[in-house]
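One-letter residues, chain by chain:
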Amino acid sequence: MIVEALADFLTLSELGRVVVQGLAKSALYVMIASGLTLIFGLMGVLNFAHGSLTMVGAYLGGLVMVLTVSQSTGVVGRLGLFFVAIVVVFGALTILGGAIETTVIRPLYDRPPIYQILLTFGLTLVVDEIVRIVLGLYGMQPLSDWQAALATKPQLLREPAALGPVEVRWLSVFEILLGVLTVAAIWAFLTRTRYGLYIRAGSEDSEMASALGIDVRQVFTVVFALGIGLAGAAGTLLMWDVAWGASVPLAAETLLPAFIVVIVGGLGTFRGTVVASLVVGMTDSTMTWWFQNYIRFTGLPELTLFLVLVVTLVVRPQGLFGVEEVGGH
Amino acid sequence: MSLLELDGVHAYYGDSHILEGVDLSVEAGEVVALVGRNGVGKTTTLRSILQLTPPRAGEVRFREESLVGLETHEVAQRGVGWIPEDRRIFSQLTVEENLRAAIPDADGVSSGLSLAFDAFPILEERRGQDAGTLSGGQQQMLAIARGLVGENDLLLVDEPSEGLAPQIVADVAEALSAASEDATMLLVEQNLPLALDLADRFYIVDNGRVVDDGDADAVSADDERFRRYLSA
């Protein structure tokens, strides 16, 4: 039985499909978790509102698409408008993130971390409730995916794609491309710009960075704002994926894997987050295949994410690329 | 008028009263050593100047401007550099990135790197290496180089020889000596012969106060005043 299953799993078509799906999940995870890890790495703030702001990004992106896409809009037009939506959402959420940091997070920097945790958790409740109220005003269901936003997805991304003998979804390919683009953009920002250098220096030792003349508080604001912008951009992509979709529960659905990825990678390291996204995404995809095809119990694959988390915490508590101490000010 | 003046500075860690009215001054172009036993407030004095441990009373003036109440980065931007006692290099950044982070003006990167690599050629060989993988001596060189490239008018140097092998101490002393030709320094150093060798003047600190001072050239390390305040 096991030998037969293994042979089935190792065929090019099945293994290829699992790998592509795993990479697509990894791409989504890295997009969701990048902002969270940048914020924690520099500021030592565990932002529990990250999932809620991802959800806001999904609705805002969906709104842009619903307002601009018509029945006659073609594939290229829809894809073009999607990138416009990403830019709009990123910009709007970046401004919102900057406002949140300066008004409510900044006064708590000199307090114990529990204050920031309670505050960001409270923000989650407030944001989720505001979204529920707004949806209620327009007669929309907060618990189910926003179908009008899903309907703006171009037909191409609903169809399967054949990569040789491997049949995958075009949406998976699209998600992988966006994930790679996101990682490349963040990597270039962190390693090729002066501001990125300040962020990495401040992440390691913010007091020393201040003593070199770097305005670390300003860097905090920029990183928090960009982190929230990234959460919003990720939400826009999730709005098109039926496995996620724009709905209020998306806040919790994204927060959990984001935390798992950030912890497995090593709190606050971007490199760790990229690698952990691959590990978690591929594990998720592989275990999903096994549970769906042989164990036939669809509720369990998600447990494997927690298994990865537990194994990491037991074997290497600081995470794959973590250091003993990060963040702080 | 002095480049740096501390006037009755009191500083605390929580409820612990560490500096109990420190008075000192540093003239432009001179090297001033701050000596004393462990825990008497030498490092806290440097931290108070940088506003990392802001004074609760007293005045810190740099070029006649009060630094009290400024943010640390604003103090640094006025030309006060810090070479901390435990080096505090950014271990996950490369040697070159550590130096770049300390160069205030993007246009000055090239000349700043040249300055650092001329002072410590080994750093040029290791410029692409993660700073955390350098030896202790090389990390100290990097910490000093980072202070030098910052276009600072005053360098606060804290225990530069701590934990280093004698040969490395000699290299560090030579680098600091060369740097002192262009820079003003306030130097905290437990190695008394080294401190007196580098310094023009000295202050002895005890229990959070300056208790004695004098010209470095006029005393030796076994002077009675040092024995009284520095012996365990």
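Keep in mind it's a predicted model, so treat the numbers as computed, not measured.

Section: the overall build of chain B
For chain B, the helix and strand inventory stands at nine helices and ten strands. Taking 2.2 N^0.38 as the reference for a compact globule, 232 residues should give roughly 17 Å; the C-alpha atoms of chain B span a radius of gyration of 17 Å, in line with that estimate. Counting every position in chain B, which comprises 232 residues, the buried fraction comes to 55%. Intrachain contacts of chain B at a sequence separation of at least 6 include 66% that bridge at least 24 residues.

Looking at a nonpolar patch on the surface
Residues and elements named next belong to chain A. A cluster of nonpolar residues, Leu6, Leu10, Leu15, Val19, Leu23 and Leu278, forms a patch on the protein surface that exposes about 440 Å² of accessible area. Ranked by residue count, the leading element in the nonpolar patch is helix α2 (residues 12–43), at three residues. With respect to the secondary-structure elements, Leu23 resides in helix α2. Judged by relative accessible area, which is 32%, Leu23 ranks as partly exposed.

Description of the packing of helix α7 (residues 170–192) of chain A against helix α8 (residues 194–204) of chain A
Residue and element names in this part refer to chain A. Where α7 contacts α8, the axes come no closer than 5 Å and their chain directions differ by 85 degrees. One way to sum up the angle between α7 and α8 is to call them roughly perpendicular. Contact residues: Phe189, Leu190, Thr191 and Arg192 in α7; Arg194, Tyr195, Gly196, Leu197, Ile199 and Arg200 in α8. The class makeup of the residues in the contact of α7 with α8 is five nonpolar, two polar and three charged.

Remarks on helix α5 (residues 113–137) of chain A
All names here are of chain A. Counted at 1.5 Å a residue, the expected span for α5 with its 25 residues is 36 Å, and the 36 Å between its end C-alpha atoms agrees. Every buried residue of α5 is listed here: Gln116, Thr120, Leu123, Thr124, Val127, Asp128, Val131 and Leu135. Once α5 finishes, Gly139 follows within two positions and takes phi at roughly 70 degrees, a positive value.

So, the side chain of Glu97(B)
By the secondary structure assignment, Glu97(B) is in helix α3 (residues 95–102). Residue class for Glu97(B) comes out buried when judged on its relative accessible area of 16%. Of the polar contacts made by the side chain of Glu97(B), one reaches the backbone nitrogen of Thr94(B); its length is 3.0 Å. Excluding its chain neighbours within four sequence positions, the residues that come into contact with Glu97(B) are Leu197(A) and Arg200(A).

So, a negative patch on the surface
A contiguous patch of negative charge on the surface is contributed by Asp200(B), Asp213(B), Asp215(B) and Asp217(B). For Asp215(B), the position within the fold is in strand β10 (residues 209–215).

Quick notes on the domain arrangement of chain B
Residue and element names in this part refer to chain B. Domain annotation for chain B reports domain 1 (1–79 + 152–232) and domain 2 (87–151). Put simply, the middle of domain 1 and the middle of domain 2, counted by C-alpha atoms, are 23 Å apart. On the side of domain 2, twelve residues touch domain 1, which itself brings 15 residues to the contact. Counting the surface lost from both domain 1 and domain 2, the interface buries some 890 Å², and carbon and sulfur atoms represent 66% of this. Linking domain 1 with domain 2 are zero salt bridges. Remark: the boundary between domain 1 and domain 2 carries three residue pairs in polar contact (both at pLDDT 80 or more). Sorting elements by how many residues they give to the side of domain 1 that touches domain 2 places helix α7 (residues 166–180) first, with six residues. Partitioning the side of domain 1 that touches domain 2 into residue classes produces eight nonpolar, two polar and five charged.

Points about the interface of chain B and chain A
Each side of the interface is counted separately: chain B has 25 residues, and chain A has 17 residues. Taking both sides of the interface into account, the surface hidden between chain B and chain A amounts to around 1900 Å²; carbon and sulfur atoms contribute 56%. Between chain B and chain A we count four salt bridges in total. Linking Glu207(A) and Arg47(B) is a salt bridge whose minimum nitrogen-to-oxygen distance equals 3.0 Å.

Here's the deal with the sheet that holds strand β9 (residues 201–206) of chain B
All names here are of chain B. Reading across from one edge, β6-β7-β8-β3-β9-β10 is the order of the six strands in this open sheet, with mixed pairing throughout. Lying at the two open borders of the sheet, with one neighbouring strand each, are β6 (80–83) and β10. Ignoring strand direction, the axes of neighbouring strands in this sheet form an average angle of 20 degrees. For strand β3 (residues 31–35) and β9, the ladder comprises four bridges, and the chain directions are parallel.

Some words on the pairing of β3(B)
The buried count for β3(B) comes to five of five residues, which makes it a mostly enclosed element. Of the two faces of β3(B), the one holding Val31(B), Ala33(B) and Val35(B) and the one holding Val32(B) and Leu34(B) are both buried throughout.

Concerning unusual backbone geometry
Residues and elements named next belong to chain B. The backbone of Glu64 shows a phi angle near 70 degrees, a positive value even though the residue is not glycine. Overall, the relative accessible area of 54% leaves Glu64 in the exposed class. The residue Arg87 is not glycine, and still its phi comes out positive at about 70 degrees. Position of Arg87 relative to the elements: it lies in the loop between β6 and α3.

With respect to the sheet that holds strand β2 (residues 16–26) of chain B
Residues and elements named next belong to chain B. One open sheet accounts for four strands, arranged β2-β1-β4-β5; its pairing is antiparallel. Of all the strands in the sheet, just β2 and β5 (65–66) have a single pairing partner and so form its edges. Across five bridges, strand β1 (residues 4–13) lies against strand β4 (residues 57–62) in antiparallel orientation. In the sheet register, Leu4 faces β4, and the bridge partner there is Phe62. Against the sheet, helix α1 (residues 42–49) engages β1, β2 and β4, with an angle of about 110 degrees to β1.

Thresholds, definitions, all that
Residues numbered from 1 in each chain as written. Chains lettered and ligands numbered in written order. Predicted model: local features only at pLDDT ≥ 70, side-chain atom pairs only at ≥ 80, totals over all residues. Heavy atoms only, no water. Helix = DSSP H or I, 4+ residues; strand = E, 2+ residues; numbered from the N terminus. Rg over C-alpha atoms; globule rule 2.2 N^0.38 Å. Buried < 20%, exposed > 50% of the residue type's maximum accessible area, 1.4 Å probe, protein only. Contact = heavy atoms within 4.5 Å. Patch = residues over 30% accessible without salt bridge, like charges linked within 9 Å, V, L, I, M, F, W, Y side chains within 5 Å. Areas by Shrake-Rupley, 256 points an atom, 1.4 Å probe, with all protein chains shown as cover. Salt bridge = Lys/Arg side-chain N within 4 Å of Asp/Glu carboxyl O. Axes fitted to C-alpha atoms, helices over the stretch in contact; angles between N-to-C directions. Parallel < 35°, antiparallel > 145°, perpendicular 65-115°, else oblique. Nonpolar A, V, L, I, M, F, W, Y, C, P; charged D, E, K, R; others polar. Expected span 1.5 Å × (residues − 1). Polar contact = N/O pair within 3.5 Å; in protein donor to acceptor, adjacent residues only side chain to side chain. Lys, Arg positive; Asp, Glu negative; His and termini not counted. Charge placed at Lys NZ, Arg CZ, Asp CG, Glu CD. Domains from an automatic or database assignment. Buried area = accessible area lost by both parts, 1.4 Å probe. Pairing = 2+ DSSP bridges.

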